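Residue-level listing of the chains:
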Amino acid sequence: MLPVTVVCIRAGAVVADHRTAANQAVAVEHGVTGLSDLVALRDALSAQQSVEEFDVRFAQLGTTRAAASLFVGVDLSSQVVPARARADHAIASLGSGSPVQAGALASLYADIDGGGISPTEAVQRFGALIEVSATAVASGLQQLQAQAQHPPLVAALDSLRASSDVVEASMPQAIDLSAIWFPAPGETPQMVAAGLARFGASSASYTAAVARLRALGVTSVVGNLTRVEADTEVQAFDQAVAATLLGHPLTEAGAAPDLVKVADAFRGFLTRSALLDGLVATSTAAVRDEARLVAASERSGFVAWAVGGAALALISIGVALWLARSISKPIKDLARYAHDVNEGQLDVEPSLSRNHGPRETRVAFGLITDLVANLQLLDAKTNALAHCDFDDPVLREPLPGRLGRSLESSVALLSGSIVERDQLQTHLAYAATHDSLTGIGNRPAAIREIQAALNRAARTGDTTALLFVDLNDFKAVNDSHGHEVGDEVLRQVAARMTDVLRNSDFVARLGGDEFVVIAEAVVGVADAADLARRIIETVNQPFEIDGFRISIGAAVGIALSLDGPEEPFRLLARADAAMYRAKRHDRSAMEIFDVGMQQELIERDDIESALTAALEDPAGGGLILQYQPVLNAVTDELCGVEALVRWDRPGHGRLAPISFIPIAEATSLIIDLDCWVLARATQQMVAWSAIAKLVGLRVSVNISGRHVLSGQLASHIRVVLENTGIDPGRLGIEITETVLLDDLVEAAAELDAVRALGVSVAIDDFGTGYTSLAHLQQLPIDNIKIDRSFINHLDDRRGRSLVRMITDLGHAIDLKIVAEGVETAEQLDLLKAMGADFLQGFLFSRPLDPEAMSAWAIDHVAAGHQPSTPVA
C-alpha cells in the first residue's frame, strides 16, 4: 500500500495547493474592491486639502480663491463638491471598515463652510485624516500582497501600489510651484531656497513613482499613464515644472510674468489630478482581472490533479494486489516456522517455501535457522551483561555473523562508557569550579568560597579579607603583542599569586584581567595589607614571554568582613570600589575600603538615582544648559557657542559638573545625558533661528567617550537633526583627547559616521593626553581645542612654546585651533600673535543661560561684530 499512500499524499498536496492558490486569488479579487475605496477616500481627502492649501497661498499673496479661479479659468471651488462626494461614497462603501468616520468628516466640512476654522487649520485636519487613510491603504496592500503568489498578480498589486504613490506624489507639486513663482511678501532668500528644495523633492518623488509604475509593465495601467502624459494641458504643467527645475520659472523677479502660461500650467495640474484618479481605477481593474485569471487557472489545475490522482491510485492498488498474491504464501510459511521456533521446537524442519518467494523471505528463513543454533549461547551472554559481569568467559565465546560482532562491540562499548562516564563526571566537576585558562578558581567558585568563608567567620569570630586585584596596562599587552601573549601573562600571574599566598587562601579569576583572593582568619588590616603588597610585588616583576620583556602592574582593593551576617556580593562590591580608587594612582597601589568609601558609594548611588529621575522628567529635573561664546581671533566676530550642562538639583542647589558627570560616565547613564544635551541644544538652535541676528549660530556639544565607543552616537545625532531640521553644519561635537586613545580604530570609525552627517568634530582638552602625530592623521577631526592648563602658562617661555607648537602643528595638517580658558588681555594678544583661529574664555563671557546668551550675542553684533562663518 506504500505506492498508493505516496500517490494519494502527493496528489492531495498538489490539489490542496491549487485550491489554496485559487482561494487566495478570489480573496485578492474581493479585497481589492475595499482597497480601491480606501485609495479613493485618501485621494478625495488629498484633493480637498490641496484646495485649502491653495487658499493659504492666496491669503499669503493677498488674493482670493475667486480671483485665482478667474485667472486660471477653472473654478477651484467646483473641485470641492465632487471630492466631497467621492469621500462620502468611499466611507459609505467601506462601512465599519472605514478608517475615517463620517461624523468626523461632516464636522470638518461644517467648520470649513461656516468659517469656524482657518484654511491652515483645515489643511492640518485634512492631513491627519489623510495619514490615517494612507496607513489603512498601506496595510490593505500589504495584506493582499501576502496572499498573492503568482508573479502577474504580484505585479498587478505592485502596479496598484505604484499608481497610489503617483497620485499621492502629484498633490504637493502645484503648491510648491506657486510658492516659487509667487513668493509671499517678506520671504527671506533662505525661505525661498527651502521652497525650491521642497519643490525639487516633490517633483523627484513624482518622477520616481511614475518610473516605478512604468517599470512594472502592466499594459492597461501603462497605457492609461501614457494617455495622461499625452494630454496637452498636462504637458503644459509638466513643461512649467521642468523649466522651473532648470532655473527658468515662468515668473522671475524684475521680469513680467507670462500669465497665460501660468494659467495654462495650473489648469494642466488640475487636469492631471482628475486624470490620475482614473489611473488608480485602471490598476484596480488590472488586479481584479489578473486575480480572476489566476483563480480560473488554479481551479483547472485542481480538477486535473484530482482526476489524475484518482486514476493513479486505482492503478497502484491493482499492482499492490498482484504483488500480495505472489508473496503471501512464503510469508505465511515463514510465520509458522518462526512461531514453532518461538515455542521451543528447535528441531522442526522449515517449509519448502524457503527456496521460493521474495528474496527477503528466503534470507529470513536462513537467518532464523542460523539463529536457532545460537539462542542458548546468546541467552548466556545476555545474563552476563545483565549482571555487568564483564569477566565472564561466556562473553568471549564468539557468535557467528553480525549479531555476534554487534554483541561483542556492545560489551566493549558498555564497559568503556562506564569508565568514560566516571571520567566525564570528574572533568565536569573540575570545569564547574575552575577557570579554563589559568586553572585557578572561576567566578562561581569564588562566590561560593566567599559565602563559605563568611559563614565560618560568623561562627568563629575571625576576620575574612577579600582582595580584588586588577592588572594595570594589560590591554596594552593584548594590543601590542596579541591575545596569545596576553593569555600567557594571565596564566603566569595566576601561578605567581598562588606561590605568594598562604595554603589556606583561595584565589580565583573573575574574568578578563580581574582576580580575587579570599584570606580567612587575617589579623586586622595589617595582615591583609601585607598580603596585598606581596601580590603587587610579584605582579610587578617583568614577564619573559616569546622573547618579549613585558611589565605590568596591579591595583588591589581590600575589604574586610563585618561583624554579623554578610552578603558575598556586597563584600565583593566594597573590594571593587577600593580597587577603583587604587587605580587612580599612577603606579601599582592598594586601597582599603573604609567608612569614607561607604559614604561615597551611598552618595554616588543617590546622585545616580536623582540624575536618572531628572533625565526622565520632561521638565529636566533641574538640568539646564548654559552657553559660552566662541569668537573669531582676527575679527572678534561671534562664530559659535559651547553648550555646557548644569544641574540645579532640587533640595541641593547647583552641583558642580565634576560631582555628577563622572558618576554618569561610569554607567550608560552618560549616553542618556548626552542625548538630553543634544536634544535641548538643537531645540535652542531652532529658537535662535527665529532671531535675525542669530540665524545660523553654531553650537558645539561635549560628548562622552563611552557614547563614542558605544557605536550609537551617529544614529542619535541623526535623530535630533531629523527632529529639529537644523543644518548639520551648525552642530559640532567635542571629544576629550584621552577618550580617543582607549580604542582608536573604533572611535575613528564612529567619528567618520558623525562627520558623514555634516557635523564637525573637535578634540577637546588637547595636550592632556598622549596623541601622537600618527594618531592625528588617522582621526577624522576638524578642530583642536587647546586645554586651558596650557593657556594659563603663557606667561612663561616654555608654556608659550608649547602653545605655539600645537598651533603650528594643527595648521600644518589643516586643522583649526580653538584656545579655551582665555582670561586676560595679555593672553588674548599672545594667542592672536601665535595665529589661534578662535578664542573662548571668561575674558569675553562666562557661560550664560539661553536668554542672557541671546542678549549678549545681540549686543555683540550691535557693537559692530557681525556673526562670522562658523568653526569648520
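The rules behind each value
Residues numbered from 1 in each chain as written. Predicted model: local features only at pLDDT ≥ 70, side-chain atom pairs only at ≥ 80, totals over all residues. Heavy atoms only, no water. Helix = DSSP H or I, 4+ residues; strand = E, 2+ residues; numbered from the N terminus. Buried < 20%, exposed > 50% of the residue type's maximum accessible area, 1.4 Å probe, protein only. Contact = heavy atoms within 4.5 Å. Pairing = 2+ DSSP bridges. Axes fitted to C-alpha atoms, helices over the stretch in contact; angles between N-to-C directions. Nonpolar A, V, L, I, M, F, W, Y, C, P; charged D, E, K, R; others polar. Expected span 1.5 Å × (residues − 1). Polar contact = N/O pair within 3.5 Å; in protein donor to acceptor, adjacent residues only side chain to side chain. Core = buried A, V, L, I, M, F, W, Y, C linked by side-chain atoms within 4.5 Å. Salt bridge = Lys/Arg side-chain N within 4 Å of Asp/Glu carboxyl O. Parallel < 35°, antiparallel > 145°, perpendicular 65-115°, else oblique. Left-handed = near helix turned anticlockwise from the far one by under 90°. Phe/Tyr/Trp six-rings, centres within 6.5 Å; stacked < 30°, edge-to-face > 60°. Patch = residues over 30% accessible without salt bridge, like charges linked within 9 Å, V, L, I, M, F, W, Y side chains within 5 Å. Areas by Shrake-Rupley, 256 points an atom, 1.4 Å probe, with all protein chains shown as cover. pLDDT = per-residue confidence, 0-100.

Enquirer: Give a description of the overall build of the chain that names residues and reports values.
Expert: When you go through the chain residue by residue, the secondary structure sums to 29 helices and 16 strands. Across the 872 residues in the chain, those meeting the buried criterion constitute 43%. Summarising the internal contacts of the chain: among those between residues at least 6 apart in sequence, 70% fall at separations of at least 24.

Enquirer: Describe the pairing of strand β2 (residues 506-511), and please don't skip the residues or the numbers.
Expert: Where β2 lies against strand β3 (residues 514-522), 5 bridges are found, and the strand directions are antiparallel. Note on β3: the bridge partner recorded for A508 is V516. The hairpin turn running from β2 into β3, its antiparallel successor, is 2 residues long, and G512 in that turn takes a positive phi close to 60°.

Enquirer: How would you explain the packing of helix α14 (residues 474-481) against helix α15 (residues 483-500) if you had to name every residue and give the values?
Expert: One way to put it is that α14 packs onto α15 with a least axis distance of 7 Å and a crossing angle of 140°. For the pair formed by α14 and α15, the contact residues are F474, V477, N478 and H481 on the first element and H483, V485, G486, V489 and L490 on the second. Among the residues making up the contact of α14 with α15, the classes are represented as 5 nonpolar, 4 polar and no charged.

Enquirer: For helix α4 (residues 102-113), give the residues involved together with the corresponding values.
Expert: Between its terminal C-alpha atoms α4 stretches 16 Å, which fits the 16 Å expected from 12 residues at 1.5 Å a residue. Positive phi appears at G115, one or two residues downstream of α4, with a value of about 75°.

Enquirer: Break down unusual backbone geometry for me, with residues and values.
Expert: Non-glycine residue D636 carries a positive phi angle of around 65°. On the secondary structure map, D636 appears in the loop between β8 (623-632) and β9 (638-649). At D765, a residue that is not glycine, the phi angle is positive and equals roughly 55°. Its location among the elements puts D765 in strand β13 (residues 760-766).

Enquirer: Before we move on, can you summarise the sheet that holds β2 with the specific residues and values?
Expert: Working definition: the strands of a sheet are paired by backbone hydrogen bonds and lie parallel or antiparallel to each other. One open sheet holds the 5 strands; their spatial order is β2-β3-β1-β6-β7, and the pairing between them is mixed. Edge strands, defined here as strands with exactly one partner in the open sheet, are β2 and β7 (589-592). Direction aside, the axes of adjacent strands within the sheet are offset by 20° on average. Running over the sheet, helix α17 (residues 568-583) touches β1 (463-472), β2, β3, β6 (553-560) and β7 and is turned about 140° from β6.

Enquirer: Break down helix α13 (residues 443-460) for me, with residues and values.
Expert: For α13, which comprises 18 residues, the first-to-last C-alpha distance of 26 Å matches the rise-based estimate of 26 Å (1.5 Å per residue) to within 8%. Buried within α13 we find A445, A446, I447, I450, A453, L454 and A457. In this fold, the buried residues of α13 make contact with β1, β2, β3 and α17. One side-chain oxygen at the N-terminal end of α13 lies 3.0 Å from the backbone nitrogen of A445; it belongs to N442. Downstream of α13 by a residue or two, G461 has a phi angle that is positive, lying close to 85°.

Enquirer: Tell me about the nonpolar core, residues and numbers included.
Expert: Formed by 78 residues in total, the largest nonpolar core has its most connected members in I717 and I733. Aside from chain neighbours lying at most four places away, what touches I717 is L678, L731, I733, V754, L757 and V759. Core analysis: the next-biggest nonpolar cluster, separate from the first, contains 45 residues, A90, L144, A162 and V280 among them.

Enquirer: Quick rundown of the pattern of salt bridges? Include the residues and the values.
Expert: Following the criterion strictly, the structure yields 19 salt bridges and no others. Among the salt bridges present, the one from R84 reaches D113, with a minimum N-O distance of 2.9 Å. Of the two residues, R84 sits in helix α3 (residues 80-94) while D113 sits in helix α4, which places them 29 residues apart along the sequence. D113 sits in the exposed class, given a relative accessible area of 54%. Between D505 and R502 there is a salt bridge; the shortest N-O distance is 2.8 Å. The buried category is assigned to D505, whose relative accessible area is 11%. Taking relative accessible area as the criterion, R502 reaches 30% and is therefore assigned partly exposed. Each of E642, E734, K785 and E820 takes part in a single network of salt bridges with overlapping partners.

Enquirer: Which residues make up the side chain of Q840, and what values go with them?
Expert: Within the secondary structure layout, Q840 lies in strand β16 (residues 838-840). A distance of 2.5 Å separates polar atoms of two side chains, one belonging to Q840 and the other to E642.

Enquirer: Please set out the side chain of S98 residue by residue, giving values where relevant.
Expert: One can find S98 in the loop between α3 and α4. A relative accessible area of 6% places S98 in the buried class. From its side chain, S98 meets the backbone oxygen of V100 in a polar contact 2.7 Å long. Apart from residues lying up to four places away in sequence, S98 is in contact with L41 and I91.

Enquirer: Run through the packing of helix α22 (residues 713-724) against helix α24 (residues 744-756), naming residues and quoting values.
Expert: The contact between α22 and α24 brings their axes to 8 Å, and the two run at 20°. As far as their axial angle goes, α24 and α22 are roughly parallel. The handedness of the crossing between α22 and α24 comes out as right-handed. Residue-level contacts link L713, A714 and I717 of α22 to E750, A753 and V754 of α24. Taken together, the residues of the contact of α22 with α24 sort by class into 5 nonpolar, no polar and 1 charged.

Enquirer: Let's hear about the packing of aromatic side chains: which residues, and what values?
Expert: On inspection of all chains with the given rule, the structure shows 2 aromatic pairs. Both rings, one in W647 and one in F660, keep their centres 5.4 Å apart while their planes meet at 80°; by these two values the pair is edge-to-face. In this pair, W647 is assigned in strand β9 and F660 in the loop between β10 (653-655) and α19 (661-665), connecting sequence segments 13 residues apart. You'll find W647 and F660 in the same group, each marked buried.

Enquirer: Which residues make up a nonpolar patch on the surface, and what values go with them?
Expert: On the surface, a nonpolar cluster with roughly 290 Å² of combined accessible area is contributed by L314, I317 and L321. Note that L314 resides in helix α10 (residues 259-342). Accessibility expressed as a relative area gives 62% for L314, which makes it exposed.

Enquirer: With reference to specific residues and values, describe the pairing of β7.
Expert: The side chains of a regular strand alternate between both faces of the sheet. Along β7, the buried face is formed by A589 and E591; none of M590 and I592, which line the opposite face, is buried. Pairing between β6 and β7: 4 bridges, direction parallel. Along β7, the bridge assignment pairs I558 with I592.

Enquirer: Explain the confidence of the model for the chain to me, using residue names and the numbers behind them.
Expert: Averaged over all residues, the pLDDT of the chain equals 81, while 78% of them reach at least 70. In the model, residues 868-872 has pLDDT below 50 throughout and makes 15 contacts with residues more than four positions away in sequence or in other chains.

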